[in-house]
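Architecture and fold: a report
Listed below, chain by chain, are the residues.
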Amino acid sequence: MPYFVATYRYTPDTALRDRVRPTHREWLSGLGDTLVLSGPTDADGAFLVFEAEDAAAVERTVAQDPFTTEGVIAESTVVGWTPVKGRLVERL
């Protein structure tokens, strides 16, 4: 299955983000093998890698994220990704 990267840019409402974070992380834990990795960036956002059939499937998944439904995300993108080199490529 192909890989896709979702990027999040958070709203400036850190209190909302802190309040929703536990639900968001619980939701992430429930994604099983679909979610390859995720984590916040130092640019007030996050980076998530998914293994899915297509970008539309990832967009539907991201739309269900509590961070999305509760208004923590100001903007998100989903793009295809082809890992080629690096120490983690063999694990993918």
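Above this text sits the structure in question.
Since the model is a prediction, treat every value here as computed from it, not as a measurement. (Residues numbered from 1 in each chain as written. Predicted model: local features only at pLDDT ≥ 70, side-chain atom pairs only at ≥ 80, totals over all residues. Heavy atoms only, no water.)

1. Digging into the overall build of the protein chain
Tallying secondary structure elements over the protein chain gives three helices and four strands in all. N-terminal to C-terminal, the α/β element order of the protein chain is β-α-β-β-α-α-β. Relative to the globule expectation of 12 Å for 92 residues, the C-alpha radius of gyration of the protein chain, 13 Å, shows essentially globular dimensions. A sequence separation of at least 24 residues applies to 71% of the contacts in the protein chain between residues at least 6 apart. Surface accessibility of the protein chain: about 5900 Å² in total, with carbon and sulfur atoms responsible for 50%. Of note, the protein chain has its 9 positive side-chain charges centred 6 Å away from the centre of its 14 negative side-chain charges. (Helix = DSSP H or I, 4+ residues; strand = E, 2+ residues; numbered from the N terminus. Rg over C-alpha atoms; globule rule 2.2 N^0.38 Å. Contact = heavy atoms within 4.5 Å. Areas by Shrake-Rupley, 256 points an atom, 1.4 Å probe, with all protein chains shown as cover. Lys, Arg positive; Asp, Glu negative; His and termini not counted. Charge placed at Lys NZ, Arg CZ, Asp CG, Glu CD.)

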